[in-house]
Amino acid sequence: MLRIYNHYISRFTILLVNIEMFLLFATFFLGVNIGLMNFMHLNELASVSYLSLLPVATIFVVIFLLSMAVMGMYQLHSLPNFKATLIRLTPTMVLCFGLMTLMIYLLPSIYLGQGVLSIVMFLSFLGIVFLRTIVFKWFNTGVLRTRALVLGVGESANELINPVEDGSGYHNSSLIGFVPFQGEDRVVPDKLILSDEGSLAMLVKKYNVEEIIIATEERRGGSFPIQELLECKMHGIEVTDIASYFERERKHIRMDSLNPSWLVFGGGFDQSFLRSAIKRIFDVIASVILLIVTLPIMLITIILILIEDGFPVFYRQERVGKGGDSFMVLKFRSMSKNAEQGQKPQWATTDDPRVTNVGRIMRKLRIDELPQIVNVLKNEMSFVGPRPERPFFVDMLGAQVPYYNIRHSIKPGITGWAQVRYPYGSSVEDAIEKLQYDLYYVKNHSLFFDFVILIHTVEVVLFGKGGR
């Protein structure tokens, strides 16, 4: 795994992006050459400078790669097979063709011709399908995966088993087995435990281990193998705490493996003036662009709300923001009038009877959140951050969930890491799951990470994920 501005990106993803970038450049020039041979005479073809086409090729490759990212084609947990690749590559082609046509209209100097562009797109489609079929089959054998050994067989260690048993998707680590720790209750299945096979150093050498994951419940006393771990580390073996492993591999901070000292000494949580200033500039620019782009959608939404259920169009509700301060969030009204009158606040649920027909569509496509652009411009929210909750739920969750109020150390957002990684929640258990992603964002937020979340958000909206 490589860390880019505090956000972990797998080596496989980076390698795949680079291979596909070179492939797309190759298919572009091959497609242009085939197209020009069909539409030009040989003497005219000889005068074409392929160097002059490099800017057009670069624009094409960038748009294609961004389109693939928007369609979730670099979320490798859901793309291990041919069918899944086709399902997402088809809309990717449509999006890319549309964006390229728009760019040609805006920049006539990069005009390519619809016939030539169609040939380029077709060759790119075939190239990506062929490449991914080969690459996923190759990497499923374990190339580039880190061979890891787990120290511990208790509850924490047992949390690591799912990726071992789940054959879908791409996993960055290959867990060799679990080493029991003296006095620890055994929860891990016996078939995965490496018992009576010598010291840690011997196991590392025997199984060609590259990383040791510390997943023991108790780390004090003379039984903890600190000297053996130090010996392994001195020989180039990476030693990783289980909390750091979850953060790196699953992109969240696991609550049941978390302790205060890890939060204090683990780095991250950048609240510097420079980071705050960059985030504010990004918020304003992104909000203004989104306001301009979605203005026609918002006008249509207003008309539809009025036709179905009349006034009011907007809905104001108290939410908790940075530092625990309250503010009034602005949304399009998606529920019937007075939906909670005389009742205590309650979670919104799937197929909630209080939601109007127009509201159901708005929620599925996240259109109801668009008026929160006003909250961002008023500096009450950020464009990206943890979703703001109502005071009733904040008080309830703060009393039941450890570290819940850490999410209030930064401004809430219109979209966030929890929103793109976890479906809509309607219980305390869901709130805990989402908090793990919120904590990851609070700890590792950066401008780069904000762009990553925005790309994922487009995918969530296009595929209607997480609507309620």
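Quick caveat: nothing in here was measured; it's all calculated off a predicted structure.

### Looking at the environment of Pro391
Here is step 1: Positionally, Pro391 belongs in helix 15 (residues 391–400).
Here is step 2: Ignoring sequence-local partners within four residues, the contact set of Pro391 consists of Glu318, Arg319, Val320 and Ser326.

### Quick look at helix 10 (residues 242–250)
Here is step 1: The buried fraction of helix 10 amounts to 8 of the 9 residues, a majority that puts the element mostly inside the structure.
Here is step 2: Considered for burial, the residues of helix 10 that qualify are Ile242, Ala243, Tyr245, Phe246, Glu247, Arg248, Glu249 and Arg250.
Here is step 3: Where helix 10 begins, the capping side chain belongs to Asp241, and its oxygen is found 2.8 Å from the backbone nitrogen of Ala243.
Here is step 4: Looking at the residues trailing helix 10, positive phi occurs at Lys251, about 60 degrees.

### Quick look at the pairing of strand 5 (residues 211–214)
Here is step 1: Alternating positions in strand 5 separate into two faces, Glu211 and Ile213 on one and Ile212 and Ile214 on the other, with burial throughout.
Here is step 2: Of the strand pairs in this sheet, strand 5 and strand 6 (residues 238–241) are connected by 4 bridges, and their pairing is parallel. Its bridge partner being in strand 6, Ile213 is matched across the sheet by Thr240.

### Some remarks on the confidence of the model for the protein
Here is step 1: Confidence in the prediction of the protein, expressed as mean pLDDT, is 83, and 85% of residues score 70 or more.
Here is step 2: Across the protein, the secondary-structure element scoring lowest on mean pLDDT is helix 2 (residues 42–46), at 47, and the one scoring highest is helix 14 (residues 373–377), at 95.
Here is step 3: Scored below 50 in pLDDT, residues 41–45 shows 5 contacts in the model against residues more than four places distant or in partner chains.
Here is step 4: Contacts of residues 164–169 to residues separated by more than four positions or lying in other chains number 7 contacts, the stretch itself having pLDDT below 50.

### Things to note about unusual backbone geometry
Here is step 1: Residues Phe311 and Pro312 are joined by a peptide bond in cis, for which omega reads -5 degrees.
Here is step 2: Phi is positive for Asn208, close to 55 degrees, though the residue is something other than glycine.
Here is step 3: If you trace the backbone, Asn208 turns up in the loop between helix 8 (200–206) and strand 5.
Here is step 4: Overall, the relative accessible area of 53% leaves Asn208 in the exposed class.

Rules behind the numbers
- Per chain, residue numbering runs from 1 following the sequence as it is written.
- For a predicted model such as this one, the threshold for reporting local features is a pLDDT of at least 70, and the threshold for listing and counting side-chain atom pairs is 80 or more; totals across whole chains, interfaces and linings nevertheless cover every residue.
- Heavy atoms from the whole structure form the basis of all side-chain values; hydrogens and water molecules are not counted.
- Secondary structure elements follow DSSP: runs of H or I no shorter than four residues count as helices, runs of E no shorter than two count as strands, and numbering proceeds from the N terminus.
- Every residue pair with non-hydrogen atoms within 4.5 Å of one another is taken to be in contact.
- Type-normalised accessible area, obtained with a 1.4 Å probe on protein chains alone, sets the label of each residue: buried when under 20%, exposed when over 50%, and partly exposed for intermediate values.
- Counting of polar contacts relies on pairs of N or O atoms within 3.5 Å, with two restrictions inside protein: one atom must be capable of donating a hydrogen and the other of accepting it, and residues adjacent in sequence are counted only when both atoms are side-chain atoms.
- A pair of strands is considered paired only if DSSP assigns at least 2 bridges between the two.
- For every residue, the predictor assigns a confidence score, pLDDT, that lies between 0 and 100.

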